[in-house]
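Structural characterization, general
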Amino acid sequence: MPDSWANSGVDLHLEPAGTRLRAGLEEALREAIRSGRLAAGERLPPTRALAGDLGVSRNTVAAAYSQLVAEGWLSARRGSGTVVAAQVGAPETS
């Protein structure tokens, strides 16, 4: 098992910009999806792992993931992780 998600083959190279970390992380993830670096169905790292790699609070990453799920960029199910939505922009319905 890799020490961190960065060693798992996922190539995000996220660089949250600005003074608002959460907003910067959200925009970095949107851009990764728009540019194709993150494809539909691709699993994102767990919030704890990404937070550790970026040096930010886990709550910051969790809030960013939640916002992107609400916007339809990501899909999340408890116990199954977070993935890029099959149809970006279509909010998840449960």
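Described in the following lines is the structure provided in the data block. This is a predicted model, so every value here is computed, not measured.

1. Some remarks on the pattern of salt bridges
The final tally for this structure, using the stated rule, is six salt bridges. Linking Glu-27 and Arg-30 is a salt bridge whose minimum nitrogen-to-oxygen distance equals 3.1 Å. Highlighted residues: Glu-27 and Arg-30, both in helix H1 (residues 21–34), separated by three residues, approximately one helical turn. With its nearest N and O atoms 3.1 Å apart, the salt bridge here joins Arg-34 to Glu-27. Its relative accessible area of 47% is what places Arg-34 among the partly exposed residues. Among the ionic contacts, a cluster of salt bridges with common partners joins Arg-22, Glu-26, Glu-27, Arg-30, Glu-31, Arg-34 and Glu-71.

2. Describing the nonpolar core
Counting 17 residues, the largest nonpolar core has Leu-29, Leu-38, Leu-44, Val-61, Tyr-65 and Leu-74 as its most contacted members. No other element matches helix H3 (residues 58–71), which puts five residues into this core. Not counting the four nearest positions on each side in its chain, Val-61 is found in contact with Leu-25, Thr-47, Leu-50, Ala-51 and Val-56.

Reading the values: the criteria
Residues numbered from 1 in each chain as written. Predicted model: local features only at pLDDT ≥ 70, side-chain atom pairs only at ≥ 80, totals over all residues. Heavy atoms only, no water. Salt bridge = Lys/Arg side-chain N within 4 Å of Asp/Glu carboxyl O. Helix = DSSP H or I, 4+ residues; strand = E, 2+ residues; numbered from the N terminus. Buried < 20%, exposed > 50% of the residue type's maximum accessible area, 1.4 Å probe, protein only. Core = buried A, V, L, I, M, F, W, Y, C linked by side-chain atoms within 4.5 Å. Contact = heavy atoms within 4.5 Å.

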